[in-house]
Structures are given as C-alpha cells and as structure tokens.
Amino acid sequence: WLRPAPAPSVRGFAVLAGTEAIARGILISVFPLVMYRALGDALAVSKVYFFVGLASLGLGLLIPYLTRFVARRWIYVVGPQMFAGGALLTLLGTPLATVAGLSLVTCAVVTTFVCFNAYVLDYVAKIELGQLETSRLLYSALGWTAGPVLGVFLYRWWPAAPFLIAATAAYGMLVVFLVMRLGNGRLITK
C-alpha cells in the first residue's frame, strides 16, 4: 500500500533547472531597464549591481555553513520564496523597492544554485553527470533563449508581466522541488 518516494532522476533535476531558467531568463534583460528607470543614473545602477553581487557572493559562501544548522530542503524552499518576493517587490517601482527586489532575486539565485548542485552531488551518479548536463541544458534552453527577448517585449507591453511570470515560474520551481522529495541531503563538510 505504501511505497517509498522514487529516487530523484536526471529528468527531475532537468525540469527543476528548466523552471529556474524561465524565472531567471525573463528577468535578466528587464532588471537593468527597471534599475535605470528607478535610479536614473548608470553609475548608480553599476554601484548597486556591484554591492548586490558582493552580498550574494557572501551568502553563497555561507550556505554550506548554514546547512549545518538548518536543513538544506528548508534553505532551498526559501530560495523560490525570495525569488517570487523580489520579483513582486520590484513591481512597486520605487528605487528602494527595486534595489531590494534585485537583492532578493540575486540572493535567491545563489541559494537555489548552491543547494541544487549539492543535491545533484547527492543523488546523481558520476556516470550520469554528462546526461544530466545535457538534459539540464535542453530543458533550460527555452528560458535562456526566449526569456530575455520575451521579458523586454512584455515589459514594454505591460511592465508587470515579466515579474509576474518570474514569480509564477519561481513557485513552479518550488512545486517541482517538493514533488521530487529530495529531503535534507548530506551535510557539506570540508
């Protein structure tokens, strides 16, 4: 009657990467436009991107340490939440909300990226890594090829559209993750 959850497959990880690519790809070309519109100065936009990049780098380096105290699945679950929250926060259009939205999205990308790679190392055999990369690229292709163009097109048509699509894709990523039932993963050690 009760069966254990199936082991995560290469296809499952590829679908997870594909949903993330949709969320990231549609915003990658829109955020610079939104930042410039909110701040009005290219130098200010560059400074914000620099400091947000430093903050996300610091967070990425802290995640293995954090997994000692908080289960990896909960850290991953926070990632799509930050992604959707950042996309929706940016809709407010104020300079502070735009910078905070960019910060949340960038930190979400780092959080999900580190956890995703740790899960891959936990569940995918070395012999299947080549197949995983090929599948991941295939499933991510639409998000990375059509996403940036579609994002700018939709932004001109209705400025909220790319952010709503990104938030929806982030929640889709969360659903895929929860269906995969990856658990806490192994502890990352030196």
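Residues numbered from 1 in each chain as written. Predicted model: local features only at pLDDT ≥ 70, side-chain atom pairs only at ≥ 80, totals over all residues. Heavy atoms only, no water.

1. Regarding the overall build of the chain
Helices and strands together make up the secondary structure of the chain, namely seven helices and zero strands. Reading the helices (α) and strands (β) of the chain from amino to carboxyl end gives α-α-α-α-α-α-α. A compact globule built from 190 residues would reach a C-alpha radius of gyration of about 16 Å, and the chain, at 17 Å, matches this within 12%. For the chain, the C-alpha atoms occupy an extent of roughly 55 × 35 × 30 Å along the three principal directions. (Helix = DSSP H or I, 4+ residues; strand = E, 2+ residues; numbered from the N terminus. Rg over C-alpha atoms; globule rule 2.2 N^0.38 Å.)

2. Regarding the side chain of Ser 135
Tracing the sequence through the fold places Ser 135 in helix H6 (residues 129-157). Judged by its relative accessible area of 17%, Ser 135 falls in the buried class. Once you skip the residues sitting within four places of it in the chain, Ser 135 turns out to touch Val 10 and Ala 14. (Buried < 20%, exposed > 50% of the residue type's maximum accessible area, 1.4 Å probe, protein only. Contact = heavy atoms within 4.5 Å.)

3. Focus on a nonpolar patch on the surface
Side chains of Leu 62, Tyr 65, Leu 66, Phe 69, Val 70 and Trp 74 sit close together on the surface and give an oily, nonpolar patch of about 610 Å² of accessible area. Per-element accounting of the nonpolar patch gives the leading share, three residues, to helix H3 (residues 42-66). As for its placement among the helices and strands, Tyr 65 is situated in helix H3. (Patch = residues over 30% accessible without salt bridge, like charges linked within 9 Å, V, L, I, M, F, W, Y side chains within 5 Å. Areas by Shrake-Rupley, 256 points an atom, 1.4 Å probe, with all protein chains shown as cover. Salt bridge = Lys/Arg side-chain N within 4 Å of Asp/Glu carboxyl O.)

4. So, the packing of helix H1 (residues 10-28) against helix H7 (residues 161-180)
Look at H1 against H7: their axes get within 8 Å of each other, and the N-to-C directions meet at 165°. Between H1 and H7, the crossing angle belongs to the class labelled roughly antiparallel. The handedness of the crossing between H1 and H7 is left-handed. In contact with Gly 12, Phe 13, Val 15, Leu 16, Thr 19, Glu 20, Ile 22, Ala 23, Ile 26 and Leu 27 of H1, H7 contributes Pro 162, Phe 163, Ile 165, Ala 166, Ala 169, Ala 170, Met 173, Val 176, Phe 177 and Met 180. (Axes fitted to C-alpha atoms, helices over the stretch in contact; angles between N-to-C directions. Parallel < 35°, antiparallel > 145°, perpendicular 65-115°, else oblique. Left-handed = near helix turned anticlockwise from the far one by under 90°.)

5. A word on the packing of aromatic side chains
Evaluation of the coordinates by the stated rule reveals eight aromatic pairs. Ring centres 5.1 Å apart and planes at 70° place the aromatic pair Tyr 65 and Phe 69 in the edge-to-face group. Of the residues examined, Tyr 65 reaches a relative accessible area of 43% and is grouped as partly exposed. Judged by relative accessible area, Phe 69 falls into the exposed class, the value being 60%. A ring pair is formed by Tyr 76 and Phe 177, whose centres lie 4.2 Å apart and whose planes are at 25°; its orientation type is stacked. With a gap of 101 residues between them, Tyr 76 in helix H4 (residues 72-90) and Phe 177 in helix H7 connect regions that are remote in the sequence. (Phe/Tyr/Trp six-rings, centres within 6.5 Å; stacked < 30°, edge-to-face > 60°.)

Just distances and angles here, no functional claims.
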